[in-house]
Amino acid sequence: MGTYRDLTVWQKSMTLARRIYEITTRFPEDERFGLVSQMRRCSVSIPSNIAEGYGRETEREHSHFLFVSLGSSNELETQLILSNGFGYVEEKCYQEIMDLNLEVNKMLSSLIYKLRHPDPNNL
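Cut-offs applied
- Starting from 1, residues in each chain are numbered consecutively following that chain's sequence as written.
- In keeping with the predicted nature of the model, local features appear solely for residues at pLDDT of at least 70, side-chain atom pairs appear and are counted solely at 80 or more, and the whole-chain, interface and lining totals rest on all residues.
- With hydrogens and water excluded, all non-hydrogen atoms of the structure serve as input to the side-chain values.
- As a rule, the C-alpha atoms of each element are fitted with a line to give its axis, helices using only the stretch in contact, and angles between N-to-C directions run from 0 to 180 degrees.
- Elements are defined by DSSP. Helices are runs of H or I of four residues or more, strands are runs of E of two residues or more, and each kind is numbered from the N terminus.
- These descriptions rest on fixed angle ranges, namely under 35 degrees for roughly parallel, over 145 for roughly antiparallel, 65 to 115 for roughly perpendicular, and the rest for oblique.
- Note on convention: the crossing is left-handed when the near helix lies turned anticlockwise from the far helix by less than a right angle, right-handed when the turn is clockwise.
- Pairs of residues are marked as contacts when any of their non-hydrogen atoms sit within 4.5 Å.
- By the convention adopted, Pro, Cys, Tyr, Trp, Phe, Met, Ile, Leu, Val and Ala count as nonpolar, Lys, Arg, Asp and Glu as charged, and the other residues, Gly among them, as polar.
- Three labels apply to residues, based on accessible area from a 1.4 Å probe with only protein chains included: buried if under 20% of the type maximum, exposed if over 50%, partly exposed otherwise in between.

Engineer: Help me understand the packing of helix 1 (residues 8–24) against helix 2 (residues 35–54), please; the structure alone is not making it clear to me.
Structural biologist: Here helix 1 crosses helix 2 at 165 degrees, and the two axes come no closer than 9 Å. Classified by the angle their axes make, helix 1 and helix 2 are roughly antiparallel. For the pair helix 1 and helix 2, the crossing hand works out as left-handed. Of the residues in helix 2, those in contact with V9, W10, S13, M14, L16, A17, I20, Y21, I23 and T24 of helix 1 are V36, M39, R40, S43, V44, I46, P47, I50 and A51. Grouping the amino acids of the contact of helix 1 with helix 2 by side-chain chemistry returns 15 nonpolar, 3 polar and 1 charged.

Structure follows, in structure tokens:
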């Protein structure tokens, strides 16, 4: 069965969190307690909730934590759009991170769907 560390979505969300930490070091100092703090918390929330949900006993609990991760991904997307609009993130970097976040978002949605609609042939 493996661990949550074997999940591609967890691995990609860890990469996403590292990238967010990297880019936010270049944000203006006056954003330290604003966007920087919010973006870092959101990005860390994604893999953290994937891990926490993986350790839960029921599929319902597991999917709850995946929904929290999904919400954090959506929140991060909004903050990335704002950061780009303020000129804090270069366009190429912005697009790269947005693409990675979208990929994580889709993977989370797929995992949630699979948990809620198990394939009877794989039981």
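Engineer: Looking at this structure, I do not really get the side chain of S72. What am I missing?
Structural biologist: Residue placement: S72 occurs in helix 3 (residues 59–85). On the basis of relative accessibility, which here comes to 8%, the residue S72 falls in the buried class. Not counting chain neighbours up to four residues away, the residues in contact with S72 comprise C42, S45 and I46.

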